[in-house]
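Commentary on secondary and tertiary structure
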Amino acid sequence: RKMLEQAQLFLDMKSSNDWASASAKDLPNEYMQQLVSQLLTPALQTLRLGPAEGVGSVAGQVVGGVLEALLAHLLNIKARISRQGARRLQLDIDYLENWVQTSAAVPPCLRAPLLRLPVLARCRHVLALLLPPKLMSDEINSSPLPDKHAWIARRSRTKRGLFC
């Protein structure tokens, strides 16, 4: 719980205007790098010190909770997400997945279960709604996301107030 509160603090420090950037770097956002290096890595390293039973469950709650907090934050601040912003979000998710696959903080036996977390599938479904330049109504309706219309409302094709 404390871990998720800390993650939320990272996200809350950014207003909806702070999510805007003219930069088109092919790098994850700094907030994702900080979430991974300052929260997730120490949390999973600490879990390794405790008893083995339950570590996988707690690790999944920690990683999944951070991703859920990110998605909720984007919806709560009503971020307008451009195609470039969606691409950056994709880079953030890819960065986190790569960290799970390669970090010494993540025990090898937890890598596959963490990569199968439902929130990662949810992130991919969100990206499927945000990345295409145009969406047909059947593409929207076929999305398994219960909040698909909230994500469609976050799409922006103008250059004002964007998450980039």
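Quick notes on the rules
- Residues numbered from 1 in each chain as written.
- Predicted model: local features only at pLDDT ≥ 70, side-chain atom pairs only at ≥ 80, totals over all residues.
- Heavy atoms only, no water.
- Helix = DSSP H or I, 4+ residues; strand = E, 2+ residues; numbered from the N terminus.
- Buried < 20%, exposed > 50% of the residue type's maximum accessible area, 1.4 Å probe, protein only.
- Contact = heavy atoms within 4.5 Å.
- Areas by Shrake-Rupley, 256 points an atom, 1.4 Å probe, with all protein chains shown as cover.
- Expected span 1.5 Å × (residues − 1).
- Lys, Arg positive; Asp, Glu negative; His and termini not counted.
- Salt bridge = Lys/Arg side-chain N within 4 Å of Asp/Glu carboxyl O.
- Polar contact = N/O pair within 3.5 Å; in protein donor to acceptor, adjacent residues only side chain to side chain.
- Axes fitted to C-alpha atoms, helices over the stretch in contact; angles between N-to-C directions.
- Parallel < 35°, antiparallel > 145°, perpendicular 65-115°, else oblique.
- Left-handed = near helix turned anticlockwise from the far one by under 90°.
- Nonpolar A, V, L, I, M, F, W, Y, C, P; charged D, E, K, R; others polar.
- Core = buried A, V, L, I, M, F, W, Y, C linked by side-chain atoms within 4.5 Å.

Topic: the overall build of the chain
For the chain, the helix and strand inventory stands at eight helices and two strands. Shown N-terminal to C-terminal, the secondary structure of the chain runs as helices and strands in the order α-α-α-β-α-α-α-α-α-β. When burial is assessed residue by residue, the chain has 45% of its 164 residues classed as buried. The contacts in the chain between residues at least 6 apart in sequence include a share of 75% that link residues at least 24 apart. Roughly 8700 Å² of accessible area belongs to the chain as shown, and the carbon and sulfur atoms make up 56% of that amount.

Things to note about helix H2 (residues 30–47)
Taking 1.5 Å per residue as the helical rise, H2 with its 18 residues ought to reach 26 Å, and the 25 Å between its terminal C-alpha atoms agrees with that figure. All buried positions along H2 are accounted for by Tyr31, Met32, Leu35, Val36, Leu39, Leu40, Thr41, Ala43, Leu44 and Leu47.

Some words on the side chain of Lys148
As for its position among the elements, Lys148 is in helix H8 (residues 148–154). Of the side chains with opposite charge, Asp147 lies nearest to the buried Lys148, which makes no salt bridge, at 8.9 Å. At 3.1 Å, the side chain of Lys148 forms a polar contact with the backbone oxygen of Ser143. The contacts of Lys148, once residues within four sequence positions are left out, are Leu129, Ile140, Asn141 and Ser143.

Overview of the environment of Val62
Here Val62 lies in helix H3 (residues 55–76). In this structure the C-alpha to C-alpha distance between Val62 and Ala43, which are 19 residues apart in sequence, comes to 7.9 Å.

A short note on the packing of helix H4 (residues 83–102) against helix H6 (residues 118–130)
Running from N to C, H4 and H6 point in directions that differ by 160°, and their axes come no closer than 10 Å. Considering their axes alone, H4 and H6 lie roughly antiparallel with respect to each other. Once H4 is placed against H6, the crossing between them reads as left-handed. Contacts between H4 and H6 involve Arg83, Ala86, Leu89, Gln90, Ile93, Asp94, Leu96 and Glu97 from the former and Leu120, Cys123, Arg124, Leu127 and Leu130 from the latter. When the residues that make up the contact of H4 with H6 are grouped by side-chain class, the tally is eight nonpolar, one polar and four charged.

Let's talk about the pattern of salt bridges
Between side chains of opposite charge, a pair can form when the charged atoms approach closely. For the coordinates displayed, the defined rule picks out four salt bridges. Two residues, Glu68 and Arg122, come together in a salt bridge whose shortest N-O distance is 2.8 Å. Taken together, the residues span a long stretch of sequence, with Glu68 in helix H3 and Arg122 in helix H6 at a distance of 54 residues. The exposure class of Glu68 is partly exposed, given its relative accessible area of 32%. Linking Asp94 and Arg124 is a salt bridge whose minimum nitrogen-to-oxygen distance equals 2.9 Å. Residue Asp94 is located in helix H4, and its partner Arg124 is located in helix H6; the two are separated by 30 residues in the primary sequence. Look at Asp94 and you get partly exposed, because its relative accessible area is 31%.

Quick look at H3
Its 22 residues give H3 an end-to-end C-alpha distance of 31 Å, which sits within 8% of 32 Å, the value for a rise of 1.5 Å per residue. With its phi angle positive at about 55°, Lys78 sits one or two positions after the end of H3.

Quick notes on the nonpolar core
The biggest cluster of nonpolar side chains holds 43 residues, and the ones touching the most others in it are Leu44, Leu96, Trp99, Leu114 and Trp151. Breaking this core down by element, the ones donating at least two residues are H2, H3, H4, helix H5 (108–115) and H6. Counting residues per element, this core draws most heavily on H3, at ten residues. Setting aside residues no more than four positions away along its own chain, Trp99 makes contact with Val36, Leu40, Thr41, Leu44, Val63, Ala105 and Val106.

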